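# Coordinates in review
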Amino acid sequence: TNYWQCAHENDGKSKYGGRDVVGYASTPPTPHWPKRAKVALNFVINYEEGGEKCLLHGDDASEKLLSEIVGADSYPNERNPNMESLYEYGSRAGFWRLHRLFTRKKIPCTVFAVGMALERNPQACAAMTEAGWEVASHGYRWLDYQNVDEETEREHIERTIKIHERMFGKRPVGIYQGKPNVNTRKLIVEEGGFLYDSDSYADDLPYWCLEYGEPHLVIPYTLSENDMRFVSPSGFANGVQFYQYLKDTLKYMVEEGRAGHCRMMTVGLHCRIVGRPGRCAGLSEFLDFAKSFGREVWICTREDIANHWHQHHYPRGAGTPSPSPRSSASLTATTTTTAPPPVTTQEESDPPSQDTTGGEEEGAGGGEEGAGNESGGEQLPVTQGLRLM
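So, a few notes on the structure that sits alongside this text. Starting from 1, residues in each chain are numbered consecutively following that chain's sequence as written. Since the coordinates come from a predicted model, pLDDT governs what is reported: local features require at least 70, and pairs of side-chain atoms require 80 or more to be given and counted, while whole-chain, interface and lining totals use all residues. To obtain the side-chain values, all non-hydrogen atoms of the structure were used and water was disregarded.

### Examining the packing of aromatic side chains
Under the pairing criterion, centres of Phe, Tyr and Trp rings, with the six-membered ring standing for Trp, must be within 6.5 Å; the plane angle then separates stacked pairs below 30 degrees from edge-to-face pairs above 60, leaving the rest tilted. Under the definition given, this model contains 20 aromatic pairs. For the ring pair F102 and W133, a centre distance of 6.4 Å and an interplane angle of 80° mean the geometry is edge-to-face. Of this pair, F102 sits in helix α1 (residues 81-104) while W133 sits in the loop between α3 (122-131) and β5 (134-137), and the two are 31 residues apart along the sequence. A 1.4 Å probe rolled over the protein chains alone gives each residue an accessible area, and that area as a share of the maximum for its type sets the label: buried under 20%, exposed over 50%, partly exposed in between. A residue is classified by how much of its surface remains accessible, and F102, at 1% relative accessible area, is buried. For W133, a relative accessible area of 5% puts it in the buried group. By way of ring pairs, the aromatic residues F43, Y47, F95, W96, F102, W133, F286, F289 and F293 are connected into one cluster. Lysine and arginine charges are scored as sitting over a ring when NZ or CZ, respectively, is within 6 Å of the ring centre and within 35 degrees of the ring normal. In this structure, R171 packs its charged tip against the face of F194, placed 4.6 Å from the ring centre. Segments assigned H or I by DSSP are reported as helices when at least four residues long, segments assigned E as strands when at least two residues long, and all are numbered from the N terminus.

Printed below as a string of structure tokens:
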């Protein structure tokens, strides 16, 4: 009998095996982004160059993913000089182009940084620190952890934390392993020091996972609003297409927010991809477009989002959230403001609370005065907003 013709124990279930195909459904929480913003916008720069597969890194084959050689093969037991130099462009040139762009326009961002790559480029680490960027863990290696055993992956997580402490003087509070396995989140929660992970693409809002004890925050990432589509079939052909897609996405989400459905948007970037001048030109145009919304678009780091969600949306009945180990990067563009009483959400109304994550960067902030959702907080019931991953 064919397996797809048989009844299965998970038939009819919406939550099973760590999956949840319903999520918030028709009653998502009102985010109450700072300054009544309609959209929380986060830019992620993936810093991976120097941590990819390579015989010189102890691997048994060359890298094949996310480069100008679309559909490249991995060479077993051989080096691929073309692939190596394409990656080197990211750390030698692309990173610095993005650094100049974001610092010139005063746009905060999050870096998903591979530990091995960080160790190879202290100058880039110093530039990230000087810019006040959040640097999250992107694993020790830029490789597929699908079949990596728990002991090795646990050691990689711990090793990367030590690299951050050595290069930046502090540990990461966020992690995106990128190519995880079913045990990755368990290891992240067991480590105990992460505010969030981003190994999910399941929603436009953060959500809580309770499968491993106390609430653990998941801030979904994106593979669609992502420059990786420059090097994938039927993806972006040039910077204009990239700009137009990002512009359409943000415009639509702001309009949703004005109608009372505020969400989060992430833009994924890679030094070796969007760091090319013609593509970077499209990104530059989008940065200006995002800033043109003023307070309606809160441009922030993922750490800012995590702190906000821990403070205002911690599950009721799950105890008190631990103090957020907020870094100087997240405090660079932070001021303390007293939020007005919150409006009634789609679920309930809660007492007023303090909002300490309002950004004052140029172009970062919330919505227009008197419009949209106010920045009061709400604590979700334990059964609301949880994803058992």
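### Some words on the pattern of salt bridges
We define a salt bridge as a contact between a side-chain nitrogen of Lys or Arg and a carboxyl oxygen of Asp or Glu at a distance within 4 Å. Tallied over the full model, the rule gives 16 salt bridges. Measuring nitrogen to oxygen at the nearest pair gives 3.9 Å for the salt bridge that ties K38 to E296. Taken as a pair, K38 in the loop between β2 (19-20) and β3 (39-47) and E296 in the loop between α7 (277-291) and β11 (297-299) lie far apart in primary sequence, 258 residues in all. Accessibility expressed as a relative area gives 1% for K38, which makes it buried. The buried category is assigned to E296, whose relative accessible area is 5%. Residues E49 and R272 are paired through a salt bridge, measuring 2.8 Å at the closest nitrogen-oxygen approach.

### Looking at helix α6 (residues 239-258)
What a helix should span is 1.5 Å times the count of its residues minus one. Helix length check: α6 (20 residues) gives 28 Å between terminal C-alpha atoms against 28 Å at 1.5 Å per residue, within 8%. Buried within α6 are the following residues: G239, F242, Y243, L246, T249, L250, M253, V254 and G257. Down the axis of α6, the buried side of the element spans an arc of 135°, and every buried residue falls inside it. Seen from the open side of α6, the exposed residues pointing more than 90 degrees away from its buried face are V240 and Y252. The contact criterion used throughout is that any non-hydrogen atoms of two residues lie within 4.5 Å. Those residues of α6 that are buried lie in contact with β3, β10 (263-270), α7 and β11. Sitting at the head of α6, N238 places a side-chain oxygen 3.1 Å from the backbone nitrogen of V240. Arc definition: directions from the helix axis to the C-beta atoms. Think of a polar contact as two N or O atoms within 3.5 Å of one another; within protein, one of them needs to be a possible hydrogen donor and the other a possible acceptor, and neighboring residues in sequence only count if both atoms come from side chains.

### Side note on the pairing of β3
Burial analysis of β3 places nine of its nine residues in the buried class, the great majority of the element. The alternating pattern of β3 places V39, L41, F43, I45 and Y47 and A40, N42, V44 and N46 on opposite faces, both of which are buried. Criterion used throughout: strands pair if DSSP finds at least two bridges between them. Direction of pairing for β3 relative to β10: parallel, over a ladder of eight bridges. Looking at the pairing, F43 lines up with V267 of β10. Sheet topology places β3 next to strand β4 (residues 110-113); four bridges connect them, and they run parallel. The partner of V44 across the bridge, within β4, is T110. When the strands point away from the viewer and the connection leading from the first strand across the helix to the second strand turns clockwise, the crossover is called right-handed. With respect to chirality, the unit in which β3 leads through α1 into the neighbouring parallel β4 is right-handed.

### What about the environment of G235?
Inspection of the secondary structure puts G235 in the loop between β9 (216-218) and α6. By relative accessible area, which is 23% here, G235 ends up partly exposed. Distance in space between the C-alpha atoms of G235 and S224 is 9.7 Å, their sequence separation being 11 residues. In contact with G235, other than residues within four places in its own chain, are R229 and Q241.

### Examining the nonpolar core
The definition of a nonpolar core used throughout is a set of buried Ala, Val, Leu, Ile, Met, Phe, Trp, Tyr and Cys residues joined through side-chain atoms within 4.5 Å. Formed by 57 residues in total, the largest nonpolar core has its most connected members in F43, F102 and L250. Filtering out sequence-adjacent residues up to four positions away, L250 remains in contact with V39, L41, M265, F286, F289, A290, F293 and V297. Counting residues in each nonpolar core, the second largest holds 27 residues, with F112, V173, Y207 and I219 among its members.

### Side note on the packing of α1 against α7
Here the axes come from fitting lines to C-alpha atoms, over the contacting stretch only for helices, and the angles between their N-to-C directions go from 0 to 180 degrees. Where α1 meets α7, the closest approach of the two axes is 11 Å, and the angle between their N-to-C directions is 25°. One element, α1, and the other, α7, form an angle in the roughly parallel class. Classified by chirality, the crossing of α7 by α1 is right-handed. Between α1 and α7, the contacting residues are Y89, R97, L98, L101 and F102 on the first element and P277, C280, L283, S284 and L287 on the second. Amino acids outside the nonpolar list (Ala, Val, Leu, Ile, Met, Phe, Trp, Tyr, Cys, Pro) and the charged list (Asp, Glu, Lys, Arg) are all regarded as polar, and Gly is one of them. Residues of the contact of α1 with α7, tallied by class, amount to eight nonpolar, one polar and one charged. Relative orientations are named as follows: roughly parallel for angles under 35 degrees, roughly antiparallel for angles over 145 degrees, roughly perpendicular for angles from 65 to 115 degrees, and oblique for any other angle. Each helix crossing is assigned a hand: it is left-handed if the near helix lies turned anticlockwise from the far helix by less than a right angle, otherwise right-handed if that turn is clockwise.

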